[in-house]
Amino acid sequence: MKLTSLILTCTTAGLLFTSCSHKIANQLNGEWDVVKMGNLTITPEAETPFLGYDGEKIYGFTGCNTFSLPVSAAELNAGQVDFGRTAMTMRSCPDNRYEAAFLENVRKVKSIEHKGDALLLKDNAGNVLMELAERQLTAQILNGRWNIAQINGKAVAQGEEVPFLGFDTAQGQLYGYTGCNRITGAIDTAQALKGKIKLATLGSTRMLCPDARFETEMLATLGLVRRIELKGMQLQLCDAGGKVLMVLNRSEQP
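Let us look at the structure shown here. Being a predicted model, the structure only gives us computed values, none of them experimental.

1. Some points on the overall build of the chain
A count of helices and strands for the chain gives seven helices and 19 strands. When the 254 residues of the chain are sorted by exposure, 45% land in the buried category. Contacts in the chain between residues at least 24 apart in sequence constitute 52% of all its contacts with a sequence separation of at least 6. Surface exposure of the chain reaches about 13,200 Å², of which carbon and sulfur atoms provide 50%.

2. Describing the state of the cysteines
By the definition in use, this model includes two disulfides. One disulfide bridge connects C64 with C93, the sulfur atoms lying 2.0 Å from each other. For the disulfide bridge between C64 and C93, the dihedral angle about the S-S bond is near 80°, and by the sign convention the bridge is right-handed. Within this pair, whereas C64 is found in the loop between β5 (57–61) and β6 (66–70), its partner C93 is found in the loop between β7 (85–89) and α4 (99–106), the two being separated by 29 residues in sequence.

3. Structural notes on helix α7 (residues 215–222)
Every buried residue of α7 is accounted for by E215, M218, T221 and L222. With its buried residues spanning 140° around the axis, α7 presents them on a single face.

4. Remarks on the nonpolar core
The biggest cluster of nonpolar side chains holds 27 residues, and the ones touching the most others in it are L165, F167, I228, L235 and L237. Mapped onto this core, the elements with two or more residues apiece are α5 (139–142), β11 (144–151), β13 (164–168), α7, β17 (227–231), β18 (234–238) and β19 (244–250). Residues contacting L237, with those up to four places away along its chain left out, are L165, L199, L222, V225, R227, I228, K243, V244, L245, M246 and L248. Core analysis: the next-biggest nonpolar cluster, separate from the first, contains 22 residues, M88, L119, L129 and M130 among them.

5. Points about the packing of aromatic side chains
The final tally for this structure, using the stated rule, is five aromatic pairs. Ring plane angle 80° and centroid distance 6.5 Å describe the contact between F50 and Y59, whose orientation is recorded as edge-to-face. Assigned by exposure class, F50 and Y59 land together as buried. Here the aromatic rings of F164 and Y177 are separated by 6.2 Å at their centres, their planes lie at 35°, and the arrangement is tilted. Taken together, the residues span a long stretch of sequence, with F164 in strand β13 and Y177 in strand β14 (residues 173–177) at a distance of 13 residues. Each member of the pair, F164 as well as Y177, is classed as buried.

6. Focus: the pairing of β5
Of all five residues making up β5, four are buried, and the element is well covered by its neighbours. Note: β5 against β6, five bridges, orientation antiparallel. The partner of G60 across the bridge, within β6, is F67.

Reading guide: rules and limits
- Residues numbered from 1 in each chain as written.
- Predicted model: local features only at pLDDT ≥ 70, side-chain atom pairs only at ≥ 80, totals over all residues.
- Heavy atoms only, no water.
- Helix = DSSP H or I, 4+ residues; strand = E, 2+ residues; numbered from the N terminus.
- Buried < 20%, exposed > 50% of the residue type's maximum accessible area, 1.4 Å probe, protein only.
- Contact = heavy atoms within 4.5 Å.
- Areas by Shrake-Rupley, 256 points an atom, 1.4 Å probe, with all protein chains shown as cover.
- Disulfide = S-S within 2.5 Å.
- Arc of directions from axis to C-beta.
- Core = buried A, V, L, I, M, F, W, Y, C linked by side-chain atoms within 4.5 Å.
- Phe/Tyr/Trp six-rings, centres within 6.5 Å; stacked < 30°, edge-to-face > 60°.
- Pairing = 2+ DSSP bridges.

Written out as structure tokens, the structure reads:
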């Protein structure tokens, strides 16, 4: 997915974050799922739109493509940020349910309001175009297969035989592949959704593989995992102290 510059008009984003600018950086900090868009109510899943701010950039997901705009908290708070240009991937998603509506609505946004636990994006008449809730790991997001992209900071080559972990949240089961053997185990879904997870007790097949370069480190690292977090489009598995041990990307395979 090649990054390309996307010209955004002032009606798209120029006034998006200037309302209540004196405290908008604090309001935006973190990630926010779009839960309402016009008359559409959205249950957050892996492929639904969200926005985030990390102190350096505004980033997010349209439901198909990702976007990013470097911006500092000082710029946001001073209302001096130029939202005329941002960067967006140009992936084609013919069956996507949300991107067209997301882009249509965001072009009309003139202000943002923090109300209760929600962020409200409004047009110039004060009509709510989108409502966002603080992003949380849900059973719908966690469920399914996640390819392992990094182990202990080292990149894992992606391909047909990439190691992965899968979560069956309804049954409380974990399954996966080390690059050589299949693994299975149990998870406490309720605790995982609170950010707590233990993967120390796993069953495994016992195949001998000439290329098992990830297996030993993967299994040893899984035994140290105590926390699970959703960051952008990725899952992070961390130790008890918060150190990131593994980074996982949503797989396109079931």
